[in-house]
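Examining the three-dimensional arrangement
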Amino acid sequence: MDLPVGLGGVTLVIAAIVWLIIFVPGYTQRAQLKATTSLMRKEAREVNRNRVLTDHDRLARLLATQRGFSVLFALFLLGLIAAAMSAAVDSSFWFLAAAAGVFSTLSLLVSRAAASQAQAIAKRLHKSRQDVRSSAARARARSREWSPNPLPEPLAKRSNLLEEKPVADVIDISKPRRVLASKDIDEILARRRAI
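Residues numbered from 1 in each chain as written. Predicted model: local features only at pLDDT ≥ 70, side-chain atom pairs only at ≥ 80, totals over all residues. Heavy atoms only, no water.

1. Quick look at the overall build of the protein
Looking only at helices and strands, the protein has 5 helices and 0 strands in total. In sequence order, the protein lays out its α and β elements as α-α-α-α-α. Here the protein holds 195 residues, and the buried ones make up 8% of them. Contacts in the protein between residues far apart in sequence, at least 24 positions, make up 69% of those at least 6 positions apart. (Helix = DSSP H or I, 4+ residues; strand = E, 2+ residues; numbered from the N terminus. Buried < 20%, exposed > 50% of the residue type's maximum accessible area, 1.4 Å probe, protein only. Contact = heavy atoms within 4.5 Å.)

Laid out in structure tokens, this is it:
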């Protein structure tokens with residue numbers, strides 16, 4: 001099969017045009033999407049940073065701090081025990097055991113401080129909930145009397161409204177409608193079938 005020499009160049013130009021038409025706009029849109037996403041994340045971080053913490057948020061953070069430092073205390077305590085056992089064999093591990101002891105003590109103190117603050121906040125939240133519940137119970141106890149639902153006004157009292165409207169004339173229908181015989185009905189049906 002003999003192909004002309006310029007066909008490869010034409011194919012390359014067509015591929016470049018397809019590349020410019022299809023793929024380049026996708027890259028620019030992807031870049032815009034990434035820029036928008038990063039901007040939104042920055043704004044969300046800024047909003048979270050400037051937000052005033054509620055008591056529930058502070059309580060959740062303090063509980064997370066307490067749990068994290070409790071885990072650190074357990075890990076440093078295990079490290080202290082391992083370093084103390086190693087120090088019994090080799091005296092160079094006493095420094096490591098002392099450092100693990102200091103860090104375990106500090107993590108225990110931080111955990112206890114977070115727990116005491118969390119307990120104070122939890123007591124305050126519980127007291128406020130109980131105050132709201134007791135005030136709601138008092139309000140409900142005061143209004144336990146029954147009050148009837150308001151009923152609409154009877155029609156008998158509004159009879160003057162009915163009299164004011166003009167009444168339509170009543171026309172007597174003296175001629176009854178024509179009753180079709182079965183022969184007439186058959187003719188009508190035959191005409192309809194013919195259509």
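There's more to say after this.
2. Focus on the pattern of salt bridges
Considering all chains together, one arrives at 5 salt bridges under this definition. A salt bridge links Arg-51 to Asp-57; the nearest nitrogen and oxygen atoms lie 2.9 Å apart. The salt bridge partner of Lys-127 is Asp-131, with a shortest N-O separation of 3.4 Å. Pair noted here: Lys-127 and Asp-131 are both in helix H3 (residues 94-142), with a separation of 4 residues, about one helical turn. Judged by its relative accessible area of 53%, Lys-127 is exposed. On the basis of relative accessibility, which here comes to 40%, the residue Asp-131 falls in the partly exposed class. (Salt bridge = Lys/Arg side-chain N within 4 Å of Asp/Glu carboxyl O.)

3. Observations regarding helix H5 (residues 182-194)
Residue pairs three or four apart in sequence face the same way in an α-helix, which turns once every 3.6 residues. Between its first and last C-alpha atoms H5 spans 18 Å; for 13 residues at 1.5 Å apiece the expected length is 18 Å, and the two agree. For H5, the buried fraction is low: 0 of the 13 residues fall into the buried class. (Expected span 1.5 Å × (residues − 1).)

4. Considerations on the side chain of Ser-111
Here Ser-111 shows up in helix H3. We classify Ser-111 as buried; its relative accessible area is 2%. Setting aside residues no more than four positions away along its own chain, Ser-111 makes contact with Gln-66, Phe-69 and Ser-70.

5. Some remarks on the nonpolar core
Formed by Leu-59, Leu-62, Ala-114, Ala-118, Ile-121 and Leu-125, the largest nonpolar core amounts to 6 residues. Mapped onto this core, the elements with two or more residues apiece are helix H2 (55-89) and H3. Residue contributions to this core peak at 4 residues, all from H3. With residues up to four places along the chain from it excluded, the contact list for Ala-118 reads Leu-59, Leu-62 and Leu-63. (Core = buried A, V, L, I, M, F, W, Y, C linked by side-chain atoms within 4.5 Å.)

6. Concerning H2
Relative to the 51 Å expected for 35 residues at 1.5 Å per residue, H2 spans 51 Å between its end C-alpha atoms, a close match to the ideal helical length. The set of residues buried in H2 consists of Leu-59, Leu-62, Gln-66, Ala-83 and Ala-87.

7. A closer look at the side chain of Gln-66
For Gln-66, the position within the fold is in helix H2. In this structure Gln-66 comes out as buried when scored by relative accessible area, which is 18%. Ignoring sequence-local partners within four residues, the contact set of Gln-66 consists of Ser-111, Arg-112, Ala-114 and Ala-115.

8. What about the environment of Leu-180?
As for its position among the elements, Leu-180 is in the loop between helix H4 (159-164) and H5. Apart from residues no more than four positions distant in its own chain, Leu-180 is found in contact with Ile-185 and Ile-188.

9. Points about the packing of aromatic side chains
Under the counting rule described, the total for this entry stands at 1 aromatic pair. Between Phe-76 and Phe-103, the aromatic rings sit 5.4 Å apart at their centres with planes inclined by 25°, giving stacked as the arrangement. With a gap of 27 residues between them, Phe-76 in helix H2 and Phe-103 in helix H3 connect regions that are remote in the sequence. Given a relative accessible area of 45%, Phe-103 falls into the partly exposed group. (Phe/Tyr/Trp six-rings, centres within 6.5 Å; stacked < 30°, edge-to-face > 60°.)

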